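Residues per chain are reported as follows:
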Amino acid sequence: MRSLLSIVVSSLFLFSCNTSPNKTVEDDAPRLVVFISIDQWHRDLLKRYQEHYTGGFKTIWEDSRFYGNAYHDHSATLTGPGHSVLLTGAYPAKTGITGNYFYDRQAGEEKYCVADSHNQVVGSAGALDKAGVSPKHLLVPTVGDLLKQANPQSKVFSVSGKDRSGILMGGKEADGVYWYDKSKGELVTSSFYEEQLAEFIQSYNTTNPVDNYNPKAWRRLKPESFYLEHTRQDLFAGEYLIDNKNFPYQLAPKSSDDTSFYSMVSRTPFADQYILDAAQYIIKTQDLGQDANPDLLAIGLSATDYVGHTWGPYSQEALDHMLRLDQFLGQFFRVLKQRFGDDVVIALSADHGVQPLPEYQAQQGKDARRVPKMQLIDDIRAIESWLRQEFELQKPLVEMKEERYPFFYPQATLAQKRRFVEEAEKLEYINRVVISDELAMNDKISQYVAKTHYQPRSRDIYFVFKENYLVSRSLGTTHGSIYAYDQQVPIVLMGADFKPEQVSKTVSTTDIAPTLAKLLGIEYQGFDGDLLP
Ligand SMILES: [Zn+2]
């Protein structure tokens, strides 16, 4: 693939010599690259219901270059870090996004990964009463940033169900980054990008409100017997219950001034439909892919994550969501194909997977358990207390900052730290304890942690829990571990450049950005990943 500069140079040459009428230089780079992140999209969600897909997921199975052995091969399998990896091609240790929240050592406080007190969230009616956000904590450029630097005429947009996914994929140079605000039910941005919300988005908020997508109740698409046959009963132990606990879910305001249902809408497939329509609107109104300058649009579909956290990935709700998302994506792919033909590349992946509900795993015969978060804190305090006596320390050996981030006291010796590790690893729910002094070890677990560790924002001690042990939530489920259920996500490439094929080679999510950058003619050496095979 030639660089943008060489595209421009050879374009002039071809134009003046008129030697190649059937092959224009724009054929080299697609006019538009669309990257879709489906939040919490574990590979198994695609595979498990394969025969029932008739829309976009069917297209993926039949017409894409599909990487079924793709992993987030780091330990921060969370939304902020995961999205920071997808379009930078760098591990969290380099993106600086080490968690959704991190402990800033210098400031001595916890920070949200896209927090920025010098900026404001901006909506249709001006600044919203919310904490400001921006990509200021992101330490490396996104593919969009590199594209804008190489060719300012290219357009870069990002639209998402969440602020952190939209911002961390959009980067710093984007022409527009928008996300769904759960309290207003409309698209908003940050003053980092725009002092006032762009008129075309204001207009979208007015003419195409999320209410248009809200059927006022979420019911099953098919008869319940289908769900019982292909997954499990609607109400299952461990589900995080909302209102009436199972289908159908009411999505209507409880009074004329009630806006709380906008948050519930974000937990349904209709929120993804809304974001995909907003993406189409951006493509159309901003003329993406209409000239020789290649453009990039990043889309974050967040509902899968909310559904998974609440009901688990093998719930009836998750199945229904997948059936509907299959339809929405099918429609979206058709529109792109009609508009751009072979001049568009569509790539998909996810920021992380998810652990099934431990109750469901246990029913499947696995040693799966919930461990209350307080148990971990109590156990650490107990170990710390007797080691302090053993070493006759005047200060605590381990301090849990904000009850979440474990640090050793500054004068702790390596021998003392190792004693702590030795004792903590005896806890029945712990697999490994990795300390920041010993990250460069020759084993997978400490390497996963090393790819996540950025000293100014990282803890001293990492607790790696046993597989299928969920430490934190009393209901619902989550992700964030080093196990396949959290690390394994699909990577999908579709477009004229990609021969449909199921690739079995193991690849990393850090390989997506270098691959897209090459397609766009960007030369950049800073990626951690390689080109996808
Ligand atoms: Zn996520």
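Residues numbered from 1 in each chain as written. Predicted model: local features only at pLDDT ≥ 70, side-chain atom pairs only at ≥ 80, totals over all residues. Heavy atoms only, no water.

Novice: Mind showing me how you'd approach unusual backbone geometry here?
Specialist: With the exception of glycine, most residues fall at negative phi, and the peptide bonds are largely trans. At the junction of Phe247 and Pro248, the peptide bond is cis and its omega measures out at -5° in the coordinates. One can find Pro248 in the loop between helix H9 (224–230) and strand E12 (249–250). Of note in this structure, Glu392 is not a glycine but carries a positive phi near 50°. With respect to the secondary-structure elements, Glu392 resides in the loop between helix H15 (373–390) and strand E16 (398–401). When its relative accessible area of 65% is taken as the criterion, Glu392 is described as exposed. Phi is positive for Asn468, which is not a glycine, with a value near 70°. Within the secondary structure, Asn468 sits in the loop between strand E19 (461–465) and strand E20 (469–472). Classification of Asn468 as buried rests on a relative accessible area of 9%. (Helix = DSSP H or I, 4+ residues; strand = E, 2+ residues; numbered from the N terminus. Buried < 20%, exposed > 50% of the residue type's maximum accessible area, 1.4 Å probe, protein only.)

Novice: What is the right way to read the packing of aromatic side chains from this model?
Specialist: Both the distance between ring centres and the angle between the ring planes are used here to describe each pair of aromatic rings. Tallied over the full model, the rule gives 28 aromatic pairs. Note on Trp61 and Phe66: the rings are 4.9 Å apart at their centroids and 45° apart in plane angle, and the pair reads as tilted. Its relative accessible area of 3% is what places Phe66 among the buried residues. When the centroid spacing of 6.3 Å and the interplanar angle of 40° are considered together, the rings of Tyr429 and Phe465 count as tilted. Placement of the pair is Tyr429 in the loop between helix H16 (414–424) and strand E18 (430–435) and Phe465 in strand E19, with a sequence separation of 36 residues. Linked through ring pairs, Phe157, Tyr178, Tyr180, Phe200, Tyr204, Tyr213, Tyr274 and Tyr281 together constitute an aromatic cluster. (Phe/Tyr/Trp six-rings, centres within 6.5 Å; stacked < 30°, edge-to-face > 60°.)

Novice: Hey, could you run me through the sheet that holds strand E21 (residues 491–494) in this one?
Specialist: The strands that make up a sheet are held in pairs by hydrogen bonds between backbone atoms, and each pair lies either parallel or antiparallel. Spatially, E7-E6-E10-E9-E8-E13-E1-E14-E21-E2-E22 is the arrangement adopted by the 11 strands of the open sheet, whose pairing is mixed. Each edge of the open sheet is held by one strand with a lone partner, namely strand E7 (126–127) and strand E22 (501–503). The pairing of strand E9 (residues 176–181) with strand E10 (residues 186–190) spans 3 bridges and is classified as antiparallel. Each bridged residue has a counterpart across the sheet, and for Trp179 the counterpart in E10 is Val188. Relative to strand E8 (residues 156–160), helix H7 (residues 163–170) is tilted by about 165°, and along the sheet it contacts strand E1 (32–38), E8, E9 and strand E13 (295–301). Against the sheet, helix H13 (residues 316–340) contacts E1, E13, strand E14 (344–349) and E21, and its axis sits at roughly 175° relative to E1. (Pairing = 2+ DSSP bridges. Contact = heavy atoms within 4.5 Å. Axes fitted to C-alpha atoms, helices over the stretch in contact; angles between N-to-C directions.)

Novice: Would you mind going over the coordination of the zinc ion with me for this structure?
Specialist: Perfect tetrahedral coordination of a metal by four donors corresponds to 109.5 degrees between them, and perfect octahedral coordination by six donors corresponds to 90 or 180 degrees. The zinc ion binds to the protein through Asp39 (OD), Thr79 (OG1), Asp351 (OD) and His352 (NE2), with metal-donor distances spanning 2.0 to 2.1 Å. Its 4 donor atoms give the zinc ion angles of 95 to 133° at the centre, a pattern that matches the tetrahedral case. Donor residues for the zinc ion, ordered by position in the chain, follow D-x39-T-x271-D-H. With a gap of 273 residues between them, Thr79 in helix H4 (residues 79–86) and His352 in the loop between E14 and helix H14 (358–363) connect regions that are remote in the sequence. Of the two residues, Thr79 and His352, both sit in the buried class. (Donors = N, O, S within 2.8 Å, 3.2 Å for Na, K, Ca; no water. Tetrahedral: all angles 85-135°; square planar, octahedral: opposite > 155°, others 65-115°.)

Novice: Mind showing me how you'd approach the pairing of E9 here?
Specialist: Regular strands have side chains that alternate between both faces of the sheet. Within E9, 6 of the 6 residues are buried, which leaves the element mostly enclosed by the surrounding structure. Bridge analysis of E8 against E9 gives 4 bridges, and the strand direction is parallel. Looking at the pairing, Ser160 lines up with Trp179 of E9. On the question of chirality, the crossover connecting E8 to the parallel E9 by way of H7 is right-handed. Linking E9 to E10, which pair antiparallel, is a turn of 4 residues; within it Gly185 sits at a positive phi near 70°. (Right-handed = clockwise from strand over helix to strand, strands pointing away.)

Novice: Got a minute to help me understand empty space enclosed by the protein in this structure?
Specialist: Remark: the empty space left among the atoms is shown by a probe the size of a water molecule rolled over them. For the coordinates displayed, the defined rule picks out 2 cavities of 30 Å³ or more. Space inside the largest cavity adds up to approximately 50 Å³. Considering the residues around the largest cavity, the lining is formed by Gly161, Tyr180, Ser266, Ala271, Asp272, Tyr274, Ile275, Ser302, Ala303 and Tyr306. For the lining of the largest cavity, the secondary structure elements donating two or more residues are helix H11 (269–285) and helix H12 (303–311). When residues in the lining of the largest cavity are grouped by element, the largest group, 4 residues, is from H11. Of the residues contributing to the lining of the largest cavity, the split by class is 6 nonpolar, 3 polar and 1 charged. For the second largest cavity, the calculated volume is near 40 Å³. Around the second largest cavity sit Gln40, Leu45, Thr304, Val307, Gly308, Pro313, Ala318, His321 and Met322, which together line it. Listing elements by their share of the lining of the second largest cavity, those giving two or more residues are H12 and H13. Partitioned by chemical class, the residues of the lining of the second largest cavity number 5 nonpolar, 4 polar and no charged. (1 Å grid on protein atoms, 1.4 Å probe; cavity = no way out; pocket = protein on both sides within 12 Å on 5 of 7 lines; lining within 4 Å. Points joined across faces, edges and corners; volume = space filled by probe spheres on them. Nonpolar A, V, L, I, M, F, W, Y, C, P; charged D, E, K, R; others polar.)

Novice: Help me understand H12 in this model?
Specialist: The α-helix winds at 3.6 residues per turn, so residues separated by three or four positions along the chain end up facing the same way. With respect to burial, H12 is a largely interior element, 9 of its 9 residues being buried. Every buried residue belonging to H12 is among Ala303, Thr304, Asp305, Tyr306, Val307, Gly308, His309, Thr310 and Trp311, and all of these are buried. Two residues or fewer past H12, Gly312 is found with a positive phi of approximately 90°.

Novice: Explain the domain arrangement of the protein here, please?
Specialist: Often the size quoted for an interface is simply the accessible area lost on bringing the parts together. Taken domain by domain, the protein comprises domain 1 (31–357 + 489–519) and domain 2 (369–467). In this structure, domain 1 and domain 2 have C-alpha centres spaced 34 Å apart. Carbon and sulfur atoms supply 50% of the area buried between domain 1 and domain 2, which totals about 1800 Å² over both sides. Here Lys451 makes a salt bridge to Asp73, at a shortest N to O gap of 3.4 Å. The tally of links between domain 1 and domain 2 comes to 16 residue pairs in polar contact (both at pLDDT 80 or more). Those elements giving two or more residues to the side of domain 1 that touches domain 2 turn out to be helix H5 (92–95), strand E4 (101–104) and strand E5 (109–112). Sorting elements by how many residues they give to the side of domain 1 that touches domain 2 places E4 first, with 4 residues. (Domains from an automatic or database assignment. Buried area = accessible area lost by both parts, 1.4 Å probe. Salt bridge = Lys/Arg side-chain N within 4 Å of Asp/Glu carboxyl O. Polar contact = N/O pair within 3.5 Å; in protein donor to acceptor, adjacent residues only side chain to side chain.)

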